Amino acid sequence: MSAVEQLQKVGFSDSITVERLLHDQRTQTALHEKVLILDEAGMVSGRQMWELLRLAEQHSARVVFSGDTKQIQSVEACDALRVLESESRLKSTVLTQVQRQTVKDYRDAIKELRRNPALGFEKLDTIGAVREVAWLDRAQAVARAFTDAELQGRNTLAVCATHDEIDRVTEAIRSSRKQAGKLGEGVQIGRDVSLNWTTAQKSDMRNFRPGQFLGFHRAVKGIAKNEITEVAQVEDNRLIVRNERGQLRAITAKQAKSFDVYERPLLEVAAGDRLLITANRHEAGFRATNGEIVTVARLGQKGLIHLQDGRVLPPNFRQFAHGYAVTAHRSQGKSVDSVIISGDGMRKELFYVAASRGREKVVVITSDKELLRESVARSTARQSASELARRVRPGLLQGAYRGLAAARKLASRAAQYVLQIGRRQTLQEDLRNEPRIERAYDHGIER
């Protein structure tokens with residue numbers, strides 16, 4: 001169940017994703033003089049936050065942020081909620097009681113994990129939640145734990161540290177389900193996997209190659225919204241794409257914000273499989289939400305996928321993957337009866353999110369308990385421009401006003417300091433390598 005579905009289930013029937021709000025003008029118009037509640041706000045990037053606040057100002061709407069800055073940050077740049085908490089005068093309310101975990105020992109371990117990751121991991125180990133197995137046996141161990149939880153009637157999700165781990169665990173779980181007769185005959189179906197290109201990458205025709213696919217979330221001349229086209233030819237200043245009817249269309253850099261770029265590998269799908277939906281789709285007769293997990297009832301003619309809830313995936317909707325194991329990022333916002341974590345390394349925020357997804361039980365399966373314990377104690381937190389400025393020059397903000405003007409001033413100062421450091425490093429490099437004609441690349445400051 002996706003985060004949006006979780007909210008809809010508890011009474012927020014109008015819940016939608018942030019990206020849908022940012023792209024849907026009809027939904028934006030309905031925001032006028034309303035209250036916008038932003039759940040999981042800690043995962044919102046600086047770009048998304050700026051666009052949301054701009055929308056709220058345009059439509060005289062009030063915004064309420066709900067989230068946890070100790071959980072996973074945004075994939076895009078800037079931990080917007082944490083910056084707002086630390087740099088603005090916004091008032092906040094803190095919730096101190098854990099509601100999801102229904103078993104006391106499990107609940108106490110999650111509380112401690114948030115306060116002190118090392119002690120929280122110890123508590124999980126003490127209650128028998130941490131299992132150490134050989135690396136070659138780990139995927140099978142996860143599959144057995146998954147099967148045991150299902151036999152006990154528990155809704156279960158596996159959370160893995162890497163995509164390679166997801167592939168191994170998924171293969172083991174599906175193999176076990178095949179042997180148990182829970183999966184039908186598999187069919188190879190092409191699925192669209194986003195390359196997650198930025199607008200700049202999509203604007204450069206040199207990045208494209210024939211055989212890639214463009215999925216349009218916004219209509220452009222000659223191409224409808226939600227239409228999928230295949231790159232047929234790459235030219236200097238444009239792409240020639242072919243739609244499902246065989247018609248050719250020209251695409252230029254001006255339309256880069258209207259589509260995503262996909263590759264189409266094959267995926268075996270069978271009746272009884274769990275699928276993870278990886279994109280939003282809202283059209284007449286079909287609605288799907290990014291992140292929801294669905295079950296395949298049967299495969300119809302021409303590879304049409306019929307779901308147990310009665311929906312049928314449209315032929316041009318191929319944004320899905322197997323839904324047995326996900327990353328910690330994908331797991332945030334989900335609630336299941338039992339969660340299984342697989343991996344040897346997972347940073348503090350990622351592990352806390354993964355471990356807290358379960359209501360009744362958590363199982364941690366690793367091949368190196370000590371390595372995992374050490375990685376759980378390390379944070380993935382990133383610095384903002386103002387935090388960098390204070391680090392470079394302590395006391396820089398003493399007596400400074402807060403707000404947009406101060407933020408701009410801080411960003412300007414931080415940029416100046418970074419430039420000065422880069423110049424000093426370049427000068428030192430020149431002195432070391434004076435006889436050389438070419439100079440090694442100067443890395444400057446990396447995040």
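Every chain is numbered independently, its residues counted from 1 as its sequence is written. Given that the model is predicted, a residue must reach a pLDDT of at least 70 before its local features are reported, and side-chain atom pairs must reach 80 or more before they are shown or counted; all residues, however, enter totals for whole chains, interfaces and linings. Hydrogen atoms and water are omitted, and side-chain values are computed over all heavy atoms in the structure.

## Focus on the pattern of salt bridges
We apply this condition: Salt bridge, as used here, is a side-chain nitrogen of Lys or Arg placed within 4 Å of a carboxyl oxygen of Asp or Glu. By the criteria applied, helices consist of DSSP H or I runs no shorter than four residues and strands consist of E runs no shorter than two, each listed in order from the N terminus. Partly exposed describes any residue whose relative accessible area lies between the buried limit of under 20% and the exposed limit of over 50%, with all areas from a 1.4 Å probe on protein chains only and scaled to the type maximum.
Under the defined criterion, the tally for this structure stands at 26 salt bridges. Here R174 and D273 are joined by a salt bridge, their closest N and O atoms 2.8 Å apart. With a gap of 99 residues between them, R174 in helix α9 (residues 163–179) and D273 in the loop between β12 (266–269) and β13 (274–277) connect regions that are remote in the sequence. When sorted by exposure, R174 lands in the same class as D273, which is buried. Taken together, the shared-partner salt bridges connect R138, E165, R168 and D344 into one network.

## Here we look at the sheet that holds strand β10 (residues 248–251)
The strands that make up a sheet are held in pairs by hydrogen bonds between backbone atoms, and each pair lies either parallel or antiparallel. Counted only if it meets this: Strands are treated as partners if at least two bridges between them are detected by DSSP.
If you walk across this open sheet you meet the six strands as β6-β11-β7-β8-β9-β10, and the pairing is antiparallel. Every other strand in the sheet has two partners, leaving β6 (193–194) and β10 as the edge strands with one partner each.

## Comments concerning the nonpolar core
Definition in use: Nonpolar cores were defined as sets of buried Ala, Val, Leu, Ile, Met, Phe, Trp, Tyr and Cys residues, with membership established by side-chain atoms within 4.5 Å. Throughout, a contact is declared for two residues whenever any of their heavy atoms are within 4.5 Å.
Residues I341, F351 and V362 are the most contacted members of the largest nonpolar core, which totals 27 residues. Of all the elements in the fold, those that place two or more residues in this core are α6 (104–115), α7 (117–126), β4 (156–160), β20 (336–342), α12 (348–355), β21 (358–366) and α13 (369–376). Ranked by residue count, the leading element in this core is α12, at five residues. Setting aside residues no more than four positions away along its own chain, I341 makes contact with V159, M346, F351, A354, A355, V362, V363, V364 and I365. Within the second largest apolar cluster, 19 residues are counted, among which are A143, A158, I173 and I340.

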